[in-house]
Amino acid sequence: MDRDVYLQRASQIKAAAGAVTLYASSTDLALLTCMKKAQSTSRMAFVTKSGPTLVSGIEMVDVSAVGSEMFALNHSTYSTSRAVLDDIGRIISSSTHLKPPQRTPTLRSMPDDSNTTYWMYPY
């Protein structure tokens, strides 16, 4: 989804879903292709050199490290990575919404523990 469209609809998404976790990647070639075709500079789930697009109240998890197969599009990382599937499973099966590092202790707080704005799987 286009980043600007997502940002316009973020409050509706949060209202409908309650807790929201968005998985993003810098290695998603399908998103890169989409941006080029649409002559767009961003997609919501694409991680740039400065990091992912952050939205207040939406948890962002950078999955770049778990989806970097050389000859793959890496667009299905969320559904083919055991680590990401386990995280999604914990979201679905928990009666309360746990923060990403509580669900998956291997996630790193970015930029650091005292000033976390998003989480990422370690390389």
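Since the model is a prediction, treat every value here as computed from it, not as a measurement.

Novice: How would you explain the pattern of salt bridges if you had to name every residue and give the values?
Specialist: The full count for this structure, using the stated rule, is 6 salt bridges. Residue Asp-2 is joined to Arg-43 by a salt bridge in which the shortest nitrogen-to-oxygen separation is 3.2 Å. Of this pair, Asp-2 sits in the segment before α1 (3-17) while Arg-43 sits in the loop between α2 (29-38) and β2 (58-62), and the two are 41 residues apart along the sequence. The exposure class assigned to Asp-2 is partly exposed, which follows from its relative accessible area of 23%. Between Glu-59 and Arg-103 there is a salt bridge, with its nearest N and O atoms 3.3 Å apart. Of this pair, Glu-59 sits in strand β2 while Arg-103 sits in helix α5 (residues 100-103), placing them 44 residues apart in sequence. There is no split in this pair, since Glu-59 and Arg-103 are both buried. Linked through salt bridges whose partners overlap, the residues forming this network are Glu-59, Asp-87, Lys-99 and Arg-103.

Novice: Can you break down unusual backbone geometry residue by residue, with the values?
Specialist: Note that the residue after Met-110, namely Pro-111, is joined by a cis bond; omega there is 0°. By the secondary structure assignment, Pro-111 is in the loop between β3 (108-110) and β4 (118-120).

Novice: Break down the sheet that holds strand β1 (residues 20-24) for me, citing the residues and quoting the values.
Specialist: Strand order in the open sheet formed by 4 strands is β1-β2-β4-β3, with mixed pairing between adjacent strands. Across the chains shown, the open sheet's two edge strands, defined by having one partner strand only, are β1 and β3. Sheet twist, expressed as the average angle between the axes of neighbouring strands with direction ignored, equals 30°. Sheet topology note: the β1/β2 ladder contains 5 bridges and is parallel. By the bridge assignment for β2, Ala-24 is matched with Asp-62. In the packing of α1 onto the sheet, the strands contacted are β1 and β2, and the crossing angle to β1 comes to about 135°.

Novice: Which residues make up the nonpolar core, and what values go with them?
Specialist: Counting residues in hydrophobic clusters, the biggest one holds 13 residues, and the most contacted among them are Tyr-6, Leu-22, Met-44, Val-55, Ile-58 and Met-60. Taken together, the elements giving at least two residues each to this core come down to α1, β1, β2 and β4. Top contributing element to this core by residue count: β1, with 3 residues. Among all residues touching Met-44, those that are not within four sequence positions of it are Met-1, Asp-2, Arg-3, Tyr-6, Leu-22, Thr-53, Val-55 and Met-60. If you look at the next biggest cluster of nonpolar residues, it comprises 7 residues, including Val-61, Val-84, Leu-107 and Tyr-121.

Novice: Would you mind going over the side chain of Asp-62 in detail, with residue names and values included?
Specialist: Inspection of the secondary structure assignment puts Asp-62 in strand β2. In this structure Asp-62 is buried but unpaired, with Arg-108 as the nearest side chain of opposite charge at 8.9 Å. A distance of 2.6 Å separates the side chain of Asp-62 from the side chain of Ser-64, its partner in a polar contact. Among residues more than four places away in sequence, those in contact with Asp-62 are Ala-24, Ser-25, Val-47, Tyr-118, Trp-119, Met-120 and Tyr-121.

Novice: An account of the pairing of β2 is requested, with residue identities and associated values reported.
Specialist: Among the 5 residues of β2, 5 are classified as buried, and the element is accordingly described as predominantly covered. What joins β1 to β2 is α2, and the crossover it makes is right-handed. In this structure, β2 lies alongside β4, joined through 2 bridges in parallel fashion. Paired with Val-61 across the bridge in β4 is Trp-119.

Here is what the cut-offs are and how they apply
- Residues numbered from 1 in each chain as written.
- Predicted model: local features only at pLDDT ≥ 70, side-chain atom pairs only at ≥ 80, totals over all residues.
- Heavy atoms only, no water.
- Salt bridge = Lys/Arg side-chain N within 4 Å of Asp/Glu carboxyl O.
- Helix = DSSP H or I, 4+ residues; strand = E, 2+ residues; numbered from the N terminus.
- Buried < 20%, exposed > 50% of the residue type's maximum accessible area, 1.4 Å probe, protein only.
- Pairing = 2+ DSSP bridges.
- Axes fitted to C-alpha atoms, helices over the stretch in contact; angles between N-to-C directions.
- Contact = heavy atoms within 4.5 Å.
- Core = buried A, V, L, I, M, F, W, Y, C linked by side-chain atoms within 4.5 Å.
- Lys, Arg positive; Asp, Glu negative; His and termini not counted.
- Polar contact = N/O pair within 3.5 Å; in protein donor to acceptor, adjacent residues only side chain to side chain.
- Right-handed = clockwise from strand over helix to strand, strands pointing away.

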